[in-house]
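Listed here are the chains, written in short residue letters.
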Amino acid sequence: MIDINFLRENTELVKEALKRKKFKVDVDAVLELDERRRALITDAESAKAHQNQANKQMSSLDKKSDAFREKIQEMKSLALKTKELEQLAKKSDQAFQLAFIELPNLPDPSIPDGFKENDNLEVNRFGSCEEVNRYAIPHYDIPWFDEGVQFSKGTKVTGAGFPFYIGDIAKLVRGMIQFFLDEANDAGFIEFAPPILVNAASATATGQLPDKEGQMYFSPSDELYLIPTAEVPVTNYYRDEILDIKELPIKHCAYTPCFRREAGSWGKEVRGLNRLHQFDKVEVVKWVEPSTSMDELEAIRTHSEGLLKQLGLPFRTLLMCAGDIGFPHSKQYDIEVWAAGQERWLEVSSCSNFTDFQARRAGIRFRNHDGKVQAVHTLNGSALAIPRVLAAILENNLQDDGTALVPEVLQDRTGLKTIGKVQS
RNA sequence: GGAGAGGUGGCGGAGUGGUCUAACGCGCUAGUUUGCUAAACUGGUGAGGGAAGUAAUUCCCUCCGGGGGUUCGAAUCCCCCUCUCUCCGCCA
């Protein structure tokens, strides 16, 4: 959530900033609820204070005296009135919280305006997508692809979008996970192996709830959500804690499978590995001192870009426009890999600065140099999402004999130099 | 899954209806003393929210695992949930 004090004091500025995002909000309604809530809280608290004081006097009275009996009668009605006022205050506070939590984070001034894909600003590019590999074809059209990534078996066992990876492809997936984790470790991210089911409080803290309710798999009997990204359990590790400023920045990474319902986005654009309900991803997460967070965002972006460079895959980095970034995001880069067979860009990483939005919501704070408790800034980045990287490797690295060259950094980890069958 | 015991501040730990403004100890911190360190002594030491003030600050409300209840009044009594420990069962 944003800072309520900032909202009260800079209402117009907040309104203008939120107009840049795609979310419909009614700032005035929130402020009205806030005022109403505060008035009712003041009423309830002064009634309670009065009652407390009267109660204190009672302890000095003899319980058997008439004075005590009289006082009790008086107190009964006082208590009743206090309870009523407290109920009103509680209800109005809940109404406020409900509306307040629907306000998205403010977009950073440095990001471009816009609501469409081509409003995003390309800020970096590596490799060439014009220099066509004449052997490249879409990964799902590669003759041996169906054998290595078995959608039909996955559909039988689970449903669409849950493929089996077989043999060398499975090894390649494992090798990538290993490579990404090794790189993150080398960059100072301490590894987590987190739970992949989370409760509603966690999903709310990181901003998946209420905004993306329908996008997560949910187990009603346990009231647990399957994580859409490792960000959720990893960020919540420090929920409701006050961190020591000397510990900052805290850096963690985690490999997890990720689960997304992707309701309503099934179709031609999502063939093969382009979009799955379950996929593997390595995520990096940081908790930082607020003044450093924009630099830390650049560091995450550079880290993720470095992975693609080492894999030798062409990519571009987009600075996302205000209308295209997520609910809790302030600034976000998307990194897209070039899939030479499909001749399209595939998003393989999203690097985000949530500023203090997530941290305030999640109660992750630190004691600043003045000794005051303040929300940290949280950031995260995919480093990287595996199926689309796999798709890019298969497409971009196809050779004249029909096999695909395994990137050098993965060769030792997998024991493979090439993947697939030689064409007969 | 069954039985029992528990969950109190940063930590240990007392408290079984009003004097809890949570004792006492440890830790941390400021000061005094001191050639330095240590020790001793003295004071301070949480979070969230509300009101007033430019502000430093002051006053108030809430918080003893979570939620609900009883009561004029709950850390304390009742109900539900949850977690930890011990024993038993089951099990990758």
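Here is what the cut-offs are and how they apply
- Residues numbered from 1 in each chain as written.
- Chains lettered and ligands numbered in written order.
- Predicted model: local features only at pLDDT ≥ 70, side-chain atom pairs only at ≥ 80, totals over all residues.
- Pairing = 2+ DSSP bridges.
- Helix = DSSP H or I, 4+ residues; strand = E, 2+ residues; numbered from the N terminus.
- Axes fitted to C-alpha atoms, helices over the stretch in contact; angles between N-to-C directions.
- Buried ≥ 20, exposed ≤ 12 C-beta atoms within 10 Å, placed from the backbone.
- Domains from an automatic or database assignment.
- Near = placed C-beta within 6 Å.
- Nonpolar A, V, L, I, M, F, W, Y, C, P; charged D, E, K, R; others polar.
- Core = buried A, V, L, I, M, F, W, Y, C linked by C-beta atoms within 7 Å.
- Contact = placed C-beta atoms within 7 Å.

**Examining the sheet that holds strand E8 (residues 241–243)**
Taken in spatial order, the 3 strands line up as E8-E14-E15 in an open sheet, and their pairing is mixed. Lying at the two open borders of the sheet, with one neighbouring strand each, are E8 and strand E15 (373–375). Adjacent strand axes in the sheet meet at a mean angle of 40 degrees when their direction is disregarded. The pairing of strand E14 (residues 364–367) with E15 spans 3 bridges and is classified as antiparallel. Its bridge partner being in E15, Arg365 is matched across the sheet by Ala375.

**Here we look at the pairing of strand E16 (residues 377–385)**
Counting buried positions along E16 yields 9 of 9 residues, so the element is predominantly enclosed. In the sheet, strand E10 (residues 278–288) pairs with E16 via 7 bridges, with the strands oriented antiparallel. When the bridges of E16 are listed, Lys286 appears paired with Leu379. Bridge count for strand E13 (residues 344–353) against E16 is 3 bridges, and the pairing is antiparallel. Bridge pairing in E16 links Cys351 to Gly381.

**As for the sheet that holds strand E6 (residues 218–219)**
Judged by pairing direction, the sheet is antiparallel, and its 3 strands sit side by side in the order E5-E7-E6 without closing on themselves. Two strands lie at the open edges of the sheet, namely strand E5 (197–199) and E6, each paired on one side alone.

**A short note on the domain arrangement of chain A**
Partitioning chain A into domains gives domain 1 (4–100) and domain 2 (117–419). The C-alpha-based centres of domain 1 and domain 2 are spaced at 44 Å.

**Notes on the protein's contact with RNA strand B**
Lining the immediate environment of RNA strand B, one finds 16 residues, of which Arg38, Ala49, Ser59, Met75 and Ala79 sit closest. With 9 residues, helix H3 (residues 27–58) is the largest single contributor of residues to the surface near RNA strand B. Its residues placed into classes, the surface near RNA strand B shows 7 nonpolar, 4 polar and 5 charged.

**Re the nonpolar core**
The biggest cluster of nonpolar side chains holds 90 residues, and the ones touching the most others in it are Phe180, Val337, Leu384, Val389, Leu390, Ala392 and Ile393. When residues in this core are grouped by element, the largest group, 7 residues, is from helix H12 (residues 386–396). Two domains each put at least three residues into this core: domain 1 (4–100) and domain 2 (117–419). Excluding residues that lie within four positions of it along the chain, Leu384 makes contacts with Phe180, Val282, Ser304, Leu307, Val348, Ser349 and Val389.

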